[in-house]
Amino acid sequence: MNISIMSRRQIVKLIKTEGLPENTAVISFYDEYAKPVFFGESDVMVMRIPLNDNDITEMQTNYDYEHFFPNAASVARFIIKALALGKDIICQCDFGMSRSAGCAAAILEFFEGRGMLVFADKRYCPNLAVYHKLYYALCCARLEVTGVDVDIFRAERVKPDKQRILADMRAGKDKPFRECRFITSDKKAHIFRTGSDLGEFYESYNDEQILFLSTDHGKSSSSPLNNIYIDTESGVCSFGVGDIDMKGYFELIYSKYGVSEEVYYDKRKDNT
């Protein structure tokens with residue numbers, strides 16, 4: 001997988017001099033009131049994204065995070081289609097520093113666990129809202145897309161180890177959690193809040209009967225606007241502000257496992 005980052009000037013120069021490589025797909029960000037890059041009559045796969053460069057730190061004041069980057073799901077599907085066709089991907093925005101870098105970081109993190117290389121590169125200042133929303137969209141697209149096994153494009157190190165996650169949870173290594181959610185073979189979703197006693201649940205279900213596990217660890221110090229999740233489908237995730245995004249994700253999870261009932265557990269060990 002070859003993911004590159006370009007500015008508007010760089011990609012225009014490439015188009016005029018050498019032309020875009022045939023085996024390439026382009027994700028081109030541009031300001032909503034600006035003209036997009038003209039790619040001519042090229043057969044290269046191109047997806048143009050009108051999106052102003054607003055960062056995640058502005059979402060709770062001047063902008064609505066829920067409606068920012070509304071076509072993230074379409075971009076995720078475009079990425080999967082491009083990879084299925086064996087394409088390299090160019091992420092491009094005006095200066096090749098923010099939106100394109102956030103996009104490239106999300107792709108690299110989801111598929112290879114190498115997104116932090118972009119954040120560590122002083123040439124870039126990745127847009128965190130683009131990064132988190134596209135990463136989330138890729139997690140959802142993995143569950144939604146038919147006809148393509150998305151996991152064949154993911155490195156082994158980013159694929160979740162279900163048995164290890166379950167073993168750590170049983171051993172109490174994943175505490176404290178804000179919410180823990182199990183899906184069992186009887187098509188029930190078992191939801192535990194902070195401080196709930198899992199002992200009775202573990203006595204009732206063995207590892208073979210637990211099909212899915214997700215733990216919500218709340219806000220992280222490195223990204224205080226996002227919740228950190230660990231689950232047996234997507235691995236370690238950093239999803240969007242609050243619980244807005246998780247609703248759609250769990251709808252897909254529930255559909256996959258045929259969940260017909262939610263069971264909430266709020267009883268704590270001290271009965272308080």
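To keep things clear, this report deals only with the structure shown in the data block. Source: prediction; values computed, not measured. (Residues numbered from 1 in each chain as written. Predicted model: local features only at pLDDT ≥ 70, side-chain atom pairs only at ≥ 80, totals over all residues. Heavy atoms only, no water.)

Digging into the packing of aromatic side chains
Applicable threshold: Pairing of aromatic rings covers Phe, Tyr and the six-membered ring of Trp, with a centre-to-centre limit of 6.5 Å; geometry is then stacked below 30 degrees between planes, edge-to-face above 60, and tilted otherwise. What counts as a helix is a DSSP run of H or I of at least four residues, what counts as a strand is a run of E of at least two, and both are numbered from the N terminus. Exposure is judged per residue with a 1.4 Å probe applied to protein chains only, and the accessible area is read against the type maximum: over 50% gives exposed, under 20% gives buried, and values in between give partly exposed. Definition used: whenever NZ (Lys) or CZ (Arg) falls within 6 Å of the ring centre and also within 35 degrees of the ring normal, the charge is taken to sit over that ring.
Inspection of the entire model under this criterion finds 16 aromatic pairs. Ring plane angle 65° and centroid distance 6.0 Å describe the contact between Phe29 and Phe69, whose orientation is recorded as edge-to-face. With Phe29 in strand β2 (residues 24-30) and Phe69 in the loop between β3 (45-50) and α2 (72-84), this pair connects stretches of sequence that are 40 residues apart. As far as burial versus exposure is concerned, Phe29 and Phe69 are alike and both buried. With a centroid separation of 6.4 Å and an interplanar angle of 85°, the aromatic rings of Phe212 and Phe250 are classed as edge-to-face. Note that Phe212 is positioned in strand β7 (residues 210-219) and Phe250 in helix α8 (residues 244-257), a separation of 38 residues in sequence. For the pair shown, Phe212 and Phe250 are each scored as buried. Here the guanidinium or amino end of Arg181 rests over the ring plane of Phe250, the centre of that ring lying 4.0 Å away.

A short note on the environment of Lys187
Just so we agree on the cut-off: Contact definition: two residues touch when any of their heavy atoms are within 4.5 Å.
As for its position among the elements, Lys187 is in the loop between β5 (179-184) and β6 (188-193). Accessibility expressed as a relative area gives 42% for Lys187, which makes it partly exposed. For Lys187, the contacting residues outside a window of four places in its chain are Tyr257, Gly258, Val259, Ser260 and Glu261.

As for the nonpolar core
A general feature of soluble globular proteins is that nonpolar side chains tend to end up buried together. Formally: Here, nonpolar core means buried Ala, Val, Leu, Ile, Met, Phe, Trp, Tyr and Cys residues that are tied together by side-chain atoms lying within 4.5 Å of each other.
By size, the foremost hydrophobic cluster in this structure holds 58 residues, and its most contacted members are Ile27, Phe29, Phe69, Ile79, Ile89, Ile107 and Leu134. Excluding residues that lie within four positions of it along the chain, Ile107 makes contacts with Met1, Ile3, Ile27, Ile79, Ile89, Cys91, Glu112, Leu134 and Leu138. Grouped together as the second largest cluster of nonpolar side chains are 14 residues, Leu198, Phe201, Tyr202 and Tyr205 included.

As for the pattern of salt bridges
Put simply, the rule reads: When a carboxyl oxygen of Asp or Glu lies within 4 Å of a side-chain nitrogen of Lys or Arg, that pair is called a salt bridge.
Per the stated rule, a full pass over the model turns up 15 salt bridges. The salt bridge involving Arg142 is made with Glu233; its shortest N-O contact spans 2.6 Å. Taken together, the positions of Arg142 in helix α5 (residues 128-144) and Glu233 in the loop between β8 (227-231) and β9 (235-239) put the pair 91 residues apart, joining distant regions of the chain. With relative accessibility at 15%, the residue Arg142 sits in the buried group. Judged by relative accessible area, which is 4%, Glu233 ranks as buried.

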